[in-house]
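# Architecture and fold: a report
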Amino acid sequence: KTPSGVACCYGCGAPLHTGEEGSPGHVEPATYDLKKRHNQLKTVLCGRCKLLSHGHMVTAVGGHGGYPGGKQFVSAEELREKLSYLRHEKALIVKLVDIVDFNGSFLSRIRDFAGANPIVLVITKVDLLPRDTDLNCIGDWVVESVVRKKLNVLSVHLTSSKSLVGITGVISEIQQEKKARDVYILGSANVGKSAFISAMLKTMAYKDPVAAAAQKYKPIQSAVPGTTLGPIQIEAFLGGGKLYDTPGVHLHHRQAAVIHADDLPSLAPQSRLKGRCFPVCIPRSVKSMLLSQNFHTNLFLQNIMLCSG
Ligand SMILES: Nc1nc2c(ncn2[C@@H]2O[C@H](COP(=O)(O)OP(=O)(O)OP(=O)(O)O)[C@@H](O)[C@H]2O)c(=O)[nH]1
Ligand SMILES: [Mg+2]
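Now for a look at the structure at hand. All of these numbers come straight from a predicted model, not from anything done at the bench.

## What to know about the coordination of the magnesium ion (ligand 2)
- Within the protein, the magnesium ion (ligand 2) binds to Ser 194 (OG) and Thr 228 (OG1); these donor distances fall in the range 2.0 to 2.2 Å. Here the residue Ser 194 occupies a position in helix α7 (residues 193–204), and Thr 228 occupies one in the loop between α8 (209–214) and β7 (232–234), the gap between them amounting to 34 residues.
- Ser 194 sits in the buried class, given a relative accessible area of 8%.

Shown next, in the form of structure tokens:
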């Protein structure tokens, strides 16, 4: 349930309703009534989440930072608003950044959401880096970048929710630092917050029956930025404090805000990235301009080059 007491879809956090079919949170009236009567609304997955979990691209977010195409039910501004209460809470913040688009997904204004709360920095999707990548070098580069961005963090972790690299380390850090506080997984859209929660629950489930039970109704992950649409409370810890998945922050400079939703799946990296040099035919002035842009611009162009062959 949301703080206002409305039951929400466990997959995306959107309030459940029987209104407009296809919109986030929609459930068939018969199912809704049955589940409500048996006090089981927290086991309900909305129609959109069912489609997302079968690989359909069902968009939902519009406005500044939202999609230029597809269906729009909620604006990027409204999603930010849903996180505004957090800066006044006492919480441990786990901030996720996608290694494939480090600067683009960094969310420099994290303090607008996190307030003065402590932050653990988690880099996601390291399984997508080229095979011979030296993770120690990446770690040093990340730490240096974080210092340059003047963000004060407790620690930095390189992880993959796919291969489970680094997940145990983050769990230990969270257990040590949370001190009965709630734990919020924050980050820009599509960095892998919901996937990270699944990976955490899977890893904790070996020892912890509470996490094992939480795995049954875990948030949905999908390639569509804007999968999670409201904070989702998860009973993941035996001791005090809850784990929260949150809606991603949509940033106007990211791919999803400028590329039509139908084209997003073909741009999402499916397997390890390959190192590429810019061809010599790119004029020097353009090349230096590109290199002076952020890392994400280079990878963005690299994606386009890979897709267009
Ligand atoms: N290769 C790889 N893909 C990942 C990893 N983590 C997440 N993904 C993929 O990234 C996409 C986004 O994952 P989500 O967990 O839905 O991202 P999110 O941050 O919750 O997104 P929103 O809810 O939209 O803000 C999905 O297609 C995931 O399969 C990872 O560690 N490795
Ligand atoms: Mg999510």
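There's plenty left to go through after this.
## Let's talk about the environment of Val 126
- Along the chain, the position of Val 126 falls in the loop between β4 (119–124) and α5 (135–148).
- Looking at Val 126, the relative accessible area reads 7%, which means it is buried.
- The spacing of Val 126 and Ser 160 is 34 residues in sequence and 5.4 Å in space, taken between C-alpha atoms.
- Setting aside residues up to four positions removed in sequence, Val 126 forms contacts with Ile 99, Leu 135, Leu 158, Thr 159, Ser 160 and Val 165.

## Overview of unusual backbone geometry
- A positive phi angle, near 55 degrees, is found at Leu 107, a position not held by glycine.
- Within the secondary structure, Leu 107 is located in the loop between β3 (91–98) and α4 (111–114).
- The buried category is assigned to Leu 107, whose relative accessible area is 7%.
- Positive phi outside glycine occurs at Asn 190, with the angle close to 75 degrees.
- Within the fold, Asn 190 resides in the loop between β6 (182–187) and α7.
- Accessibility expressed as a relative area gives 28% for Asn 190, which makes it partly exposed.

## Observations regarding the sheet that holds β3
- One open sheet accounts for six strands, arranged β5-β4-β3-β6-β8-β7; its pairing is mixed. Taken across any chain shown, the strands that pair with only one partner, and hence form the sheet edges, are β5 (155–158) and β7. Strand-to-strand twist across the sheet, computed as the mean angle between neighbouring axes with direction ignored, equals 25 degrees.
- In terms of strand pairing, β3 meets β6 through six bridges, oriented parallel. In the strand pairing of β6, Leu 96 is matched with Gly 187.

About the cut-offs
Residues numbered from 1 in each chain as written. Chains lettered and ligands numbered in written order. Predicted model: local features only at pLDDT ≥ 70, side-chain atom pairs only at ≥ 80, totals over all residues. Heavy atoms only, no water. Donors = N, O, S within 2.8 Å, 3.2 Å for Na, K, Ca; no water. Helix = DSSP H or I, 4+ residues; strand = E, 2+ residues; numbered from the N terminus. Buried < 20%, exposed > 50% of the residue type's maximum accessible area, 1.4 Å probe, protein only. Contact = heavy atoms within 4.5 Å. Pairing = 2+ DSSP bridges. Axes fitted to C-alpha atoms, helices over the stretch in contact; angles between N-to-C directions.

These figures capture arrangement, not role.
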